[in-house]
Amino acid sequence: MSHYPALRLRRTRSTPWSRRLHAETVLTPADLIWPLFIAEGQGIEEPIATLPGVSRWSIDGIVARAKEARDAGIPCIALFPNTPPHLRSDDGREALNPDNLMCRATRALKDAVPEIGVLTDVALDPYTAHGHDGLVDAAGYVVNDTTAEMLVGQALNQAAAGADIIAPSDMMDGRIGQIRDALEGEGRVNVQIMSYAAKYASGFYGPFRDAVGSRGLLKGDKKTYQMDSANAEEALREVALDLAEGADSVMVKPGLPYLDIILRVKTEFQVPVFAYQVSGEYAMIEAAVAAGVAERDPVVLETLIAFKRAGCSGVLTYHALHAARLLGA
Ligand SMILES: NCC(=O)CCC(=O)O
Ligand SMILES: [Mg+2]
């Protein structure tokens with residue numbers, strides 16, 4: 001058995017070329033999905049105070065960002081609309097409008113930048129007056145089955161606009177199978193489903209709710225549908241169901257606090273797993289940078305490669321363009 005001094009693990013670390021040669025994991029721009037927030041109008045950029053460096057863009061700006069992403073080697077962008085207040089309602093019916101902000105942005109992107117994948121979020125929270133992801137009954141409970149019917153309509157609406165990946169983030173039971181059946185029924189056999197399979201009720205979503213304009217509207221919390229952060233076995237059950245119902249890939253969300261879940265999902269199922277490094281995680285890094293506590297570039301790359309090491313195929317991150325440019329340089 002070889003041991004010190006013959007075996008020195010520092011030997012392969014001693015030069016940059018050797019460290020590169022021995023890297024067990026690589027992070028490339030192709031691992032990144034960039035979430036973008038859409039605003040109404042033309043020529044609009046609205047900075048989001050709680051997400052420094054991130055803005056909402058009108059559709060022309062979204063198209064311009066998508067070209068930057070493509071040029072930096074990013075394969076896919078994720079879209080989230082900031083629906084004007086007068087179009088938000090208790091039932092979120094704007095989600096079914098074929099000319100809503102999301103569908104118009106998707107059509108513009110597929111027209112102008114067809115080389116990049118478009119992932120669309122399925123959930124009602126950007127469209128409801130109460131900020132919940134589904135329909136709420138008189139007792140304030142988010143009702144599963146009628147919500148799922150709405151989500152099927154929302155998914156078909158997005159697919160008709162050209163969405164490449166449907167990403168249900170609502171955590172209703174059964175919706176993946178229903179969406180898959182509906183897509184097959186319309187002959188949209190190559191539209192992917194990336195299920196937010198293990199989405200936890202998290203304190204890290206605050207800046208996102210500012211970005212889509214739901215923070216002030218939200219009554220209560222989302223704990224009756226999103227997962228309890230105490231649970232891991234339940235995440236495996238969620239993933240198993242979504243795969244059986246026809247998901248092509250699954251997501252774990254948030255990111256860094258749930259690396260153990262990513263590793264367990266990958267180990268158990270050997271399917272494509274994605275992580276969402278969420279708004280609060282991004283904002284913490286930016287706050288640390290602003291406070292002089294950390295340097296942005298190494299911290300961003302270190303957190304992103306952690307997801308690859310844990311088994312992810314890719315990561316949704318607000319740092320995607322910045323990271324892709326660092327990696328491409
Ligand atoms: N359905 C998408 C999200 O909830 C994103 C959360 C975040 O970035 O905080
Ligand atoms: Mg589920």
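Because the structure is a prediction, the values reported are computed rather than measured. (Residues numbered from 1 in each chain as written. Chains lettered and ligands numbered in written order. Predicted model: local features only at pLDDT ≥ 70, side-chain atom pairs only at ≥ 80, totals over all residues.)

Visitor: What is the right way to read the site of ligand 1 from this model?
Guide: Residues in close proximity to ligand 1 include Asp121, Ala123, Ser169, Phe204, Tyr205, Phe208, Val278, Ser279 and Gly280, which together make up its full environment. A breakdown of the residues in the shell around ligand 1 according to their chemical character gives 5 nonpolar, 3 polar and 1 charged. (Near = placed C-beta within 6 Å. Nonpolar A, V, L, I, M, F, W, Y, C, P; charged D, E, K, R; others polar.)

Visitor: Explain the packing of helix α8 (residues 259-269) against helix α10 (residues 296-310) to me, please; I cannot follow it from the model alone.
Guide: Helices that pack against each other are described as a pair by the angle of their axes relative to one another and the distance between those axes. Across the interface, α8 lies against α10 with an axial gap of 8 Å and an inter-helix angle of 30°. In this view, α8 runs roughly parallel relative to α10, as classed from their interaxial angle. Contact residues: Leu259, Ile262 and Leu263 in α8; Ala306, Phe307 and Ala310 in α10. (Axes fitted to C-alpha atoms, helices over the stretch in contact; angles between N-to-C directions. Helix = DSSP H or I, 4+ residues; strand = E, 2+ residues; numbered from the N terminus. Parallel < 35°, antiparallel > 145°, perpendicular 65-115°, else oblique. Contact = placed C-beta atoms within 7 Å.)

Visitor: Help me understand helix α4 (residues 144-161) in this model?
Guide: Residues spaced three or four apart along an α-helix point in a common direction, a consequence of the helix completing one turn every 3.6 residues. In this model, α4 (18 residues) spans 26 Å end to end at C-alpha, consistent with the 26 Å of a helix rising 1.5 Å per residue. Listed as buried for α4 are Thr147, Ala148, Met150, Leu151, Val152, Gln154, Ala155, Leu156, Asn157, Gln158, Ala159 and Ala161. (Expected span 1.5 Å × (residues − 1). Buried ≥ 20, exposed ≤ 12 C-beta atoms within 10 Å, placed from the backbone.)

Visitor: Help me out: how do you make sense of the nonpolar core in this one?
Guide: It is characteristic of soluble globular proteins that their nonpolar side chains tend to be buried jointly. Core analysis: the largest hydrophobic core is formed by 98 residues, its most contacted members being Ile33, Trp34, Ile38, Ile77 and Ile262. When residues of this core are assigned to their parent elements, the largest contribution, 8 residues, is made by α4. Contact partners of Ile262, with chain neighbours within four places excluded, come to Val252, Val273, Ala275, Phe307, Ala310, Gly311 and Cys312. (Core = buried A, V, L, I, M, F, W, Y, C linked by C-beta atoms within 7 Å.)

Visitor: How should the UniProt feature "binding site: Mg(2+)" (unreviewed entry) in the chain be read in this particular structure?
Guide: Taken from the UniProt record, the annotation "binding site: Mg(2+)" (unreviewed entry) applies to Glu238. Residue position: Glu238 is located in helix α7 (residues 233-245). By the C-beta count within 10 Å, which is 23 here, Glu238 ends up buried. (UniProt positions renumbered as here; feature names shortened; annotations may be inferred.)

Visitor: For this particular structure, what's the right way to read the confidence of the model for the chain?
Guide: Detailed reading of the predicted coordinates is not advisable wherever pLDDT is low. In this model, the chain carries a mean pLDDT of 97, and residues with pLDDT of at least 70 account for 99%. Predicted complex, confidence summary: ipTM 0.96, pTM 0.97. (pLDDT = per-residue confidence, 0-100.)

Visitor: For this particular structure, what's the right way to read unusual backbone geometry?
Guide: Excluding glycine, residues mostly carry a negative phi; peptide bonds, for their part, are mostly trans. The residue after Tyr4, namely Pro5, is reached through a cis peptide bond having omega 10°. The topology assignment puts Pro5 in the segment before α1 (16-22). Geometrically, the link from Lys253 to Pro254 is a cis peptide bond, its omega value of -5° lying close to zero. Considering the arrangement of structural elements, one finds Pro254 in the loop between β10 (249-253) and α8.

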